[in-house]
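Next come the chains, spelled out residue by residue.
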Amino acid sequence: MKKIQILGTGCPKCNKLAELADKAAQELNLEYQLEKVTDINKIMDFGVMITPAMAVDGEVKVSGKLPKPDELKAMLS
């Protein structure tokens, strides 16, 4: 099972990234768990300075932008 973490304080872009990641994972028929990480200290533990960001299985895949749906799918595959 993949662990998808959305790193952000809950801003509109962070929520949009969560929505896009959820949709992409469903389209790929992945078994996954989606978690929103809103604690600034936990976000910084990932080395992320700009949100929104997404980590997959503990590895940061994108930070500071909203990837296109096909880019998201590639990150999740």
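The rules behind these values
- Within each chain, residues carry numbers counting from 1 in the order of the written sequence.
- Side-chain atom pairs in this predicted model are given and counted only at pLDDT of 80 or more, local residue features only at pLDDT of at least 70, and totals for whole chains, interfaces and linings cover all residues.
- Only hydrogens and water are set aside when side-chain values are computed; all heavy atoms of the structure are taken into account.
- Secondary structure elements follow DSSP: runs of H or I no shorter than four residues count as helices, runs of E no shorter than two count as strands, and numbering proceeds from the N terminus.
- Atoms counted for the radius of gyration: C-alpha only. Globule rule: 2.2 Å times residue count to the power 0.38.
- Only protein chains enter the accessibility calculation, which uses a 1.4 Å probe. A residue is then buried if its area is under 20% of the maximum for its type, exposed if over 50%, and partly exposed in between.
- Contacts are residue-level and defined by heavy atoms, with any inter-residue pair within 4.5 Å sufficient.
- In this tally Asp and Glu are treated as negative and Lys and Arg as positive; neither His nor the chain ends contributes.
- Charge placement uses NZ in Lys and CZ in Arg. For Asp and Glu, CG and CD serve respectively.
- If DSSP finds at least two bridges between two strands, the strands pair.
- Look down the strands so they point away from you; if the path from the first strand over the helix to the second goes clockwise, the crossover is right-handed.
- As used here, the term nonpolar core means buried Ala, Val, Leu, Ile, Met, Phe, Trp, Tyr and Cys residues forming a set that is joined through side-chain atoms within 4.5 Å.

Draft legend 1. Focus on the overall build of the protein chain. Counting its secondary structure elements, the protein chain contains 3 helices and 4 strands. Counting from the amino terminus, helix and strand elements in the protein chain follow one another as β-α-β-α-β-β-α. Radius of gyration (C-alpha) of the protein chain: 11 Å, near the 11 Å computed for a compact globule of 77 residues. Considering only C-alpha atoms, the protein chain reaches an extent of 30 × 20 × 15 Å along its principal axes. Looking at the protein chain residue by residue over its 77 residues, the buried ones come to 32%. Here the contacts in the protein chain between residues at least 6 apart in sequence split such that 63% fall between residues at least 24 apart. Side chains of the protein chain carry 11 positive and 11 negative charges; the gap between the two charge centres is 5 Å.

Draft legend 2. Structural view of the pairing of strand 2 (residues 32-37). Pairing between strand 1 (residues 2-7) and strand 2: 6 bridges, direction parallel. Residue Gln5 lies in a different strand from strand 2, and its bridge partner there is Glu35. Each parallel crossover has a hand, and the one from strand 1 via helix 1 (residues 12-27) to strand 2 is right-handed.

Draft legend 3. Broad picture of unusual backbone geometry. Put simply, Thr51 and Pro52 share a cis peptide bond, and its omega is 5°. On the secondary structure map, Pro52 appears in the loop between helix 2 (40-45) and strand 3 (53-56). Backbone geometry at Asn29 places phi at a positive 55°, although glycine is not the residue there. By the element assignment, Asn29 lies in the loop between helix 1 and strand 2. For Asn29, a relative accessible area of 70% gives the class exposed.

Draft legend 4. Summary view of the nonpolar core. With 14 residues, the main nonpolar core has Ile4, Ile6, Leu17, Ala21, Met54, Leu72 and Leu76 as its most contacted residues. Where this core is concerned, the elements lending two or more residues are strand 1, helix 1, strand 3 and helix 3 (69-76). Considering each element in turn, this core owes the most residues, 6 residues, to helix 1. Setting aside residues no more than four positions away along its own chain, Leu17 makes contact with Ile6, Pro52, Ala53, Met54, Leu66, Pro67 and Leu72. If you look at the next biggest cluster of nonpolar residues, it comprises 5 residues, including Leu7, Val37, Val48 and Ala53.

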